[in-house]
Amino acid sequence: MPTPWEDWNHILKIDPDKELPEGVTYGDLCATGTDAIEVGGTMGITAENMSAVIDACAEHDVSLYQEPSNPEVVLEDDALDGYLIPTVFNAGSPFWITEAHKEWVRLEGDLDWERTTTEAYIVMNPEADVAMLTEADCDLGADDVAAYATVAEHMFGQEIVYVEYSGTLGDESVVEAAAEATDESTLFYGGGIHDYDSAYSMARHADVVVVGDLAHDEGIEAVRETVEAANDA
Ligand SMILES: CC(C)=CCC/C(C)=C/CC/C(C)=C/CC/C(C)=C/COP(=O)(O)OP(=O)(O)O
Ligand SMILES: O=P(O)(O)OC[C@@H](O)CO
Ligand SMILES: [Mg+2]
């Protein structure tokens, strides 16, 4: 099983339910220097809007991953390098930890395991759609997050641990604690990265920073700055 994320610094997450800024194309986003495009979001995701973004990005030379929010939107598409499947370690219901996955396997049978990897999410912003949907317990200290990261790596063998502050810039000491707790796993950080400094501050600790809404709200130059910071850190 290839693990290309070990060499990444930056991911651009494109939400198929959100518009691009005036004059910006998917091709422009693919050419920002990001290491990979991850297509996904929590609300308003359909197979149709996923497929439109994946088709648009497939024409460009960039690693392309789907991050499905439920089994119904998973696309079989050779243009994809793989599938990054969330599992939310601090979810309020087992549905978001293993049950959605069980249903996916039950309904689909033989999945493309070579191209499928889970991301062990620790969801930290209670205002985010993903926190509300999964009823995540976000009332966690740095010690809790570090312990979840350790459990993900050592007990569940997760290749990717994802500290998720979607919509807001997280607490650096929490990300630092997760970084200290992980050794083999690749640590993703996402949430509220909006410029060079915010990207740099999180990339100092996380292996990979994920930039989402900035691409939809600001555009190319702003994203490029975050790529530069992720590579500098
Ligand atoms: C088993 C399969 C194929 C899927 C289940 C996958 C699971 C457990 C999903 C639960 C968590 C989830 C919805 C992840 C989607 C990725 C994500 C966190 C996107 C960020 O979403 P937000 O930024 O909070 O939401 P919007 O930007 O859409 O408002
Ligand atoms: O949209 P933002 O706040 O950049 O968050 C990125 C990503 O972690 C969302 O899943
Ligand atoms: Mg979002």
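Residues numbered from 1 in each chain as written. Chains lettered and ligands numbered in written order. Predicted model: local features only at pLDDT ≥ 70, side-chain atom pairs only at ≥ 80, totals over all residues. Heavy atoms only, no water.

(A) Expanded view of the site of ligand 2. Around ligand 2 sit Lys13, Tyr162, Glu164, Ser166, Gly167, Gly190, Gly191, Gly192, Val210, Gly212 and Asp213, and those are all the residues in its vicinity. Contacts to ligand 2 include Gly191, whose backbone N or O atom sits 3.5 Å from an oxygen atom. The protein chains hide 93% of the 310 Å² of surface that ligand 2 would expose on its own. Split by residue class, the shell around ligand 2 holds 2 nonpolar, 6 polar and 3 charged. (Near = heavy atom within 4 Å. Polar contact = N/O pair within 3.5 Å; in protein donor to acceptor, adjacent residues only side chain to side chain. Areas by Shrake-Rupley, 256 points an atom, 1.4 Å probe, with all protein chains shown as cover. Nonpolar A, V, L, I, M, F, W, Y, C, P; charged D, E, K, R; others polar.)

(B) View of helix H2 (residues 47-58). The first and last C-alpha atoms of H2 sit 16 Å apart over 12 residues, in line with the 16 Å expected at 1.5 Å per residue. Within H2, burial applies to Asn49, Met50, Val53, Ile54 and Cys57. Along the long axis of H2, the arc covered by the buried residues comes to 130°, so they all point the same way. On its buried side, H2 packs onto strand E1 (10-14), helix H1 (26-30), strand E2 (36-39) and strand E3 (63-66). (Helix = DSSP H or I, 4+ residues; strand = E, 2+ residues; numbered from the N terminus. Expected span 1.5 Å × (residues − 1). Buried < 20%, exposed > 50% of the residue type's maximum accessible area, 1.4 Å probe, protein only. Arc of directions from axis to C-beta. Contact = heavy atoms within 4.5 Å.)

(C) Representation of the site of ligand 1. Residues in contact with ligand 1 amount to 26 residues; listed here are only the nearest, Lys18, Thr42, Met43, Asp129 and Ser166. At 2.7 Å, a side-chain N or O of Lys18 approaches an oxygen atom of ligand 1. Contact with the protein chains removes 94% of the 750 Å² of surface that ligand 1 exposes when unbound. Listing elements by their share of the shell around ligand 1, those giving two or more residues are strand E4 (82-88), helix H3 (99-108) and helix H4 (129-134).

(D) Fine view of the UniProt feature "binding site: sn-glycerol 1-phosphate" (unreviewed entry) in the chain. The feature "binding site: sn-glycerol 1-phosphate" (unreviewed entry), as given by UniProt, occupies Lys13, Tyr162, Val163, Glu164, Tyr165, Ser166, Gly167, Gly192, Gly212 and Asp213 in the numbering adopted here. Following the sequence through the fold, Val163 ends up in strand E6 (residues 160-164). Setting aside residues up to four positions removed in sequence, Val163 forms contacts with Ile122, Met124, Val145, Val175, Ala178, Leu187, Phe188, Tyr189 and Gly190. Position of Gly212 among the secondary structure elements: in the loop between strand E8 (208-211) and helix H8 (213-217). Assessed through its relative accessible area of 22%, Gly212 is described here as partly exposed. (UniProt positions renumbered as here; feature names shortened; annotations may be inferred.)

(E) Structural context of the side chain of Ser198. Relative to the helices and strands, Ser198 is located in helix H7 (residues 196-203). In this structure Ser198 comes out as buried when scored by relative accessible area, which is 4%. Among the polar contacts made by the side chain of Ser198, one reaches the side chain of Asp195 at a distance of 2.6 Å. Excluding residues within four positions of it along the chain, Ser198 makes contact with Leu169, Gly192 and Ile193.

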